[in-house]
Amino acid sequence: MTIRLATVADNLLIADLSRQTFYETFAGQNTAANMDKFMSEQFSKEKLMAEVGAPGNFFLLAFEGISPVGYVRLKEGAQIPEFGKKTAIEIARIYATRSSIGKGVGRALMQSSIETAKEMKKEIIWLGVWEKNRKAIEFYTKWGFEQFGTHVFQLGDDPQTDWLMKKEL
């Protein structure tokens, strides 16, 4: 498996991978109407493509051979009062394709994310995770993330609660 920093030329690949992995991960636990609304309004291909190369956004892509199997979006800029003056970066998204889950993609992407954050001299890496996504919460906890709050993630017409989790670097 290889992990590499994405470039603007990867914007269509990232948009397609983002939509595929989000749908695979959450469609079974949400209504079709809410998924469709979210995918068309908040997670459109155009919006996702525009994130690639935008200031404060960094994408890492995971490949098995030449096949893309996952990605992470690191995002700077959020001001989190609980962090005080500490520098931080968010794991805004981290996903693996359904067929590659359990094959080390998440582990490789998390390790690369932490290494990237340290190279950027960040003191905290943080993320939001749906409170009902127990597998993800367990994964983040194993990496040393701890819950520090919650926020609302709007999926279509369904306001869902995300746990905010952080790891001191």
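In short, a report on the structure. Throughout this description, residue numbers start from 1 for each chain and increase along the sequence as written. Since the coordinates come from a predicted model, pLDDT governs what is reported: local features require at least 70, and pairs of side-chain atoms require 80 or more to be given and counted, while whole-chain, interface and lining totals use all residues. Calculation of side-chain values draws on the structure's entire complement of heavy atoms; hydrogens and water are dropped beforehand.

### Things to note about the environment of Phe-59
Alright, step 1. Tracing the sequence through the fold places Phe-59 in strand β2 (residues 57-64).
Alright, step 2. Note on Phe-59: relative accessible area 3%, which makes it buried. Each helix corresponds to a stretch of at least 4 residues labelled H or I by DSSP, and each strand to a stretch of at least 2 residues labelled E; elements are numbered beginning at the N terminus. Buried means the residue's accessible area, taken with a 1.4 Å probe over protein chains only, is under 20% of the maximum for its type, while exposed means over 50%, and partly exposed covers the values in between.

### Some words on the pattern of salt bridges
Alright, step 1. Whenever a carboxyl oxygen of Asp or Glu lies within 4 Å of a side-chain nitrogen of Lys or Arg, that contact is scored as a salt bridge. The final tally for this structure, using the stated rule, is eight salt bridges.
Alright, step 2. Here Asp-157 makes a salt bridge to Lys-37, at a shortest N to O gap of 2.5 Å. Note that Asp-157 is positioned in the loop between β6 (146-155) and β7 (158-168) and Lys-37 in helix α2 (residues 32-41), a separation of 120 residues in sequence.
Alright, step 3. Looking at Asp-157, the relative accessible area reads 54%, which means it is exposed.
Alright, step 4. Classification of Lys-37 as partly exposed rests on a relative accessible area of 29%.
Alright, step 5. Between Lys-122 and Glu-76 there is a salt bridge; the shortest N-O distance is 2.6 Å. Highlighted residues: Lys-122 in the loop between α4 (105-119) and β5 (124-130) and Glu-76 in the loop between β3 (67-75) and β4 (88-96), separated in sequence by 46 residues.
Alright, step 6. Connected through salt bridges with shared partners, the residues Glu-51, Arg-73 and Arg-93 form a single ionic network.

### A short note on the packing of helix α1 (residues 11-26) against α2
Alright, step 1. Orientation of α1 relative to α2, taken along the N-to-C sense of each, is 165 degrees, at an axis distance of 12 Å. Considering their axes alone, α1 and α2 lie roughly antiparallel with respect to each other. Remark: the crossing between α1 and α2 carries right-handed chirality. Facing α1, whose interface residues are Arg-19, Phe-22, Tyr-23 and Phe-26, α2 presents Met-35, Phe-38 and Met-39.
Alright, step 2. Tallied by class, the residues present in the contact of α1 with α2 amount to six nonpolar, no polar and one charged. Every axis in this analysis is a line fitted to C-alpha atoms, fitted for helices over the stretch in contact. Angles between the N-to-C directions lie between 0 and 180 degrees. Roughly parallel here means an angle under 35 degrees, roughly antiparallel means over 145, roughly perpendicular means 65 to 115, and every remaining angle is called oblique. By the definition used in this description, the sense in which the near helix is turned from the far one sets the handedness, with an anticlockwise turn below a right angle giving left-handed and a clockwise turn giving right-handed. Should any heavy atoms of two residues lie within 4.5 Å, those residues are counted as being in contact. Basically, the charged four are Asp, Glu, Lys and Arg, the nonpolar ten are Ala, Val, Leu, Ile, Met, Phe, Trp, Tyr, Cys and Pro, and anything else, Gly included, counts as polar.

### Examining helix α5 (residues 134-142)
Alright, step 1. Buried within α5 we find Ala-136, Ile-137 and Tyr-140. The arc that holds the buried residues of α5, viewed along the axis, is 100 degrees, so those residues lie on one side. Across from the buried face of α5, at angles greater than 90 degrees, the exposed residues are Lys-135, Glu-138 and Lys-142.
Alright, step 2. Phi turns positive, to about 95 degrees, at Gly-144, one or two residues after α5. When we speak of the arc, we mean the arc of directions from the helix axis to the C-beta atoms.

### Some remarks on the nonpolar core
Alright, step 1. Here the nonpolar core consists of buried residues drawn from Ala, Val, Leu, Ile, Met, Phe, Trp, Tyr and Cys, with membership extended through side-chain atoms lying within 4.5 Å. Ranked by internal contacts, the top residues of the largest apolar core, which has 24 residues, are Ile-91, Met-110, Val-129, Tyr-140 and Phe-145.
Alright, step 2. For Tyr-140, the residues in contact, after removing those within four places along its chain, are Ile-94, Met-110, Leu-127, Val-129, Phe-145 and Met-165.

### Observations regarding the layout of surface pockets
Alright, step 1. Size it by volume and the second largest pocket reaches roughly 160 Å³.
Alright, step 2. As defined here, a cavity is a set of points on a 1 Å grid over the protein atoms alone where a 1.4 Å probe fits but cannot get out. A pocket is an open set with protein on both sides within 12 Å along at least five of seven lines, and residues line them when an atom is within 4 Å of a point. Residue lining of the second largest pocket: Glu-76, Gly-77, Ala-78, Gln-79, Ile-80, Pro-81, Phe-83, Gly-84, Lys-86, Thr-87, Ala-88 and Lys-122, and that is the complete set.
Alright, step 3. A class-by-class count of the residues in the lining of the second largest pocket yields five nonpolar, four polar and three charged. Grid points are joined across faces, edges and corners, and a volume is the space filled by probe spheres set on the points.

### What about the sheet that holds β2?
Alright, step 1. Only when DSSP finds a minimum of two bridges between them are two strands counted as paired. Across the sheet, seven strands lie side by side as β1-β2-β3-β4-β5-β7-β6; this open sheet has mixed pairing. Lying at the two open borders of the sheet, with one neighbouring strand each, are β1 (2-5) and β6. Recorded for the sheet is a direction-independent mean angle of 30 degrees between the axes of neighbouring strands.
Alright, step 2. Looking at chain direction, β3 and β4 are connected through six bridges and run antiparallel. The partner of Val-72 across the bridge, within β4, is Ile-94.

Read these as spatial facts, not as claims about activity.
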